[in-house]
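Commentary on secondary and tertiary structure
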Amino acid sequence: MSSTPGVPLATIHSDRDGIILDLNDMAGSLLRLNERQGKGMRGRLHLGELVAPGEPELFENLFREATEHGASLAQDVACADTAGRSFRVDLQVACEPGRDGEPDRFVFFARRTPA
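None of these values were measured; they are calculated from a predicted model.

By size, the foremost hydrophobic cluster in this structure holds 28 residues, and its most contacted members are Ile 12, Val 51, Val 77, Val 89, Leu 91 and Phe 108. Listing elements by their share of this core, those giving two or more residues are strand E1 (10-14), strand E2 (20-23), helix H1 (25-30), helix H2 (56-69), strand E3 (71-80), strand E4 (86-96) and strand E5 (105-112). When sequence neighbours within four positions are dropped, the list of residues in contact with Ile 12 reads Ile 20, Asp 22, Leu 23, Ala 27, Leu 31, Leu 47, Phe 106, Val 107 and Phe 108.

Overall, the coordinates contain 1 cavity of 30 Å³ or more when judged by the stated rule. Within this model, the largest cavity holds a volume of roughly 70 Å³. Counting only elements with at least two residues in the lining of the largest cavity, the list comes to E1, E4 and E5. For the lining of the largest cavity, the leading source of residues is E4, giving 3 residues. Of the residues contributing to the lining of the largest cavity, the split by class is 11 nonpolar, no polar and no charged.

A word on H2. With 14 residues, H2 should cover 20 Å at 1.5 Å per step; its first-to-last C-alpha distance of 20 Å lies within 8% of that length. Here H2 has its buried residues at Phe 59, Leu 62, Phe 63 and Ala 66. Burial along H2 is one-sided: seen end-on, the buried residues are contained in an arc of 90°. Those residues of H2 that are exposed and aimed more than 90 degrees away from the buried face are Glu 68 and His 69.

Once that is clear, we can look at the packing of aromatic side chains. Within the structure shown, the criterion is met by 4 aromatic pairs. Consider the rings of Phe 59 and Phe 63, whose centres lie 5.0 Å apart with planes at 90°: the pair is edge-to-face. Of this pair, Phe 59 and Phe 63 both sit in helix H2, 4 residues apart, roughly one helical turn. Summarising the burial analysis for this pair, Phe 59 and Phe 63 share the class buried. Considering the side-chain rings of Phe 63 and Phe 108, the 5.8 Å spacing of their centres and the 85° angle between planes classify their relative orientation as edge-to-face. In this pair, Phe 63 is assigned in helix H2 and Phe 108 in strand E5, connecting sequence segments 45 residues apart. With relative accessibility at 2%, the residue Phe 108 sits in the buried group. An aromatic cluster is built from Phe 59, Phe 63, Phe 106 and Phe 108, whose rings are joined through pairwise contacts.

Here we come to the environment of His 69. You can see His 69 is positioned in helix H2. The exposure class of His 69 is exposed, given its relative accessible area of 60%. Residues His 69 and Ala 94 lie 25 residues apart in sequence; the distance between their C-alpha atoms is 8.9 Å.

So, on to the pairing of E4. Relative to E4, E3 runs antiparallel, the two being bridged by 8 bridges. Note that in E4 the partner of Ser 72 across the bridge is Val 93. Between E3 and E4, which follow one another and run antiparallel, lie 5 residues, and Gly 84 among them has a positive phi close to 90°. Two elements, E4 and E5, share 8 bridges in a ladder whose sense is antiparallel. Each residue of the ladder has a partner; that of Ala 94, found in E5, is Val 107.

Conventions used here
Residues numbered from 1 in each chain as written. Predicted model: local features only at pLDDT ≥ 70, side-chain atom pairs only at ≥ 80, totals over all residues. Heavy atoms only, no water. Core = buried A, V, L, I, M, F, W, Y, C linked by side-chain atoms within 4.5 Å. Buried < 20%, exposed > 50% of the residue type's maximum accessible area, 1.4 Å probe, protein only. Helix = DSSP H or I, 4+ residues; strand = E, 2+ residues; numbered from the N terminus. Contact = heavy atoms within 4.5 Å. 1 Å grid on protein atoms, 1.4 Å probe; cavity = no way out; pocket = protein on both sides within 12 Å on 5 of 7 lines; lining within 4 Å. Points joined across faces, edges and corners; volume = space filled by probe spheres on them. Nonpolar A, V, L, I, M, F, W, Y, C, P; charged D, E, K, R; others polar. Expected span 1.5 Å × (residues − 1). Arc of directions from axis to C-beta. Phe/Tyr/Trp six-rings, centres within 6.5 Å; stacked < 30°, edge-to-face > 60°. Pairing = 2+ DSSP bridges.

Next comes the structure, spelled out in structure tokens:
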């Protein structure tokens, strides 16, 4: 997925179970995590509730393909923010192999598609 220079991508790190570990400001804004008063992203927020909600097979396939091939791509994926508002993204998922016995981490790069 190429990006337009100067346009930041929403970037989210998760574990293999889809638990959000870290994210950038663009992702926080896109998912409206900044508006969760006192909650932020902590509290074991599962990415599968926000990315392709109701389509666990798509979410699982993104993980599987990223694990097997290093990355996966899905276009025009239905998402929802924490307030329940729907939007669509093009999504690339990359697998970061764990080091020294640590589990793999996954990086989700998302670019919102025009409505």
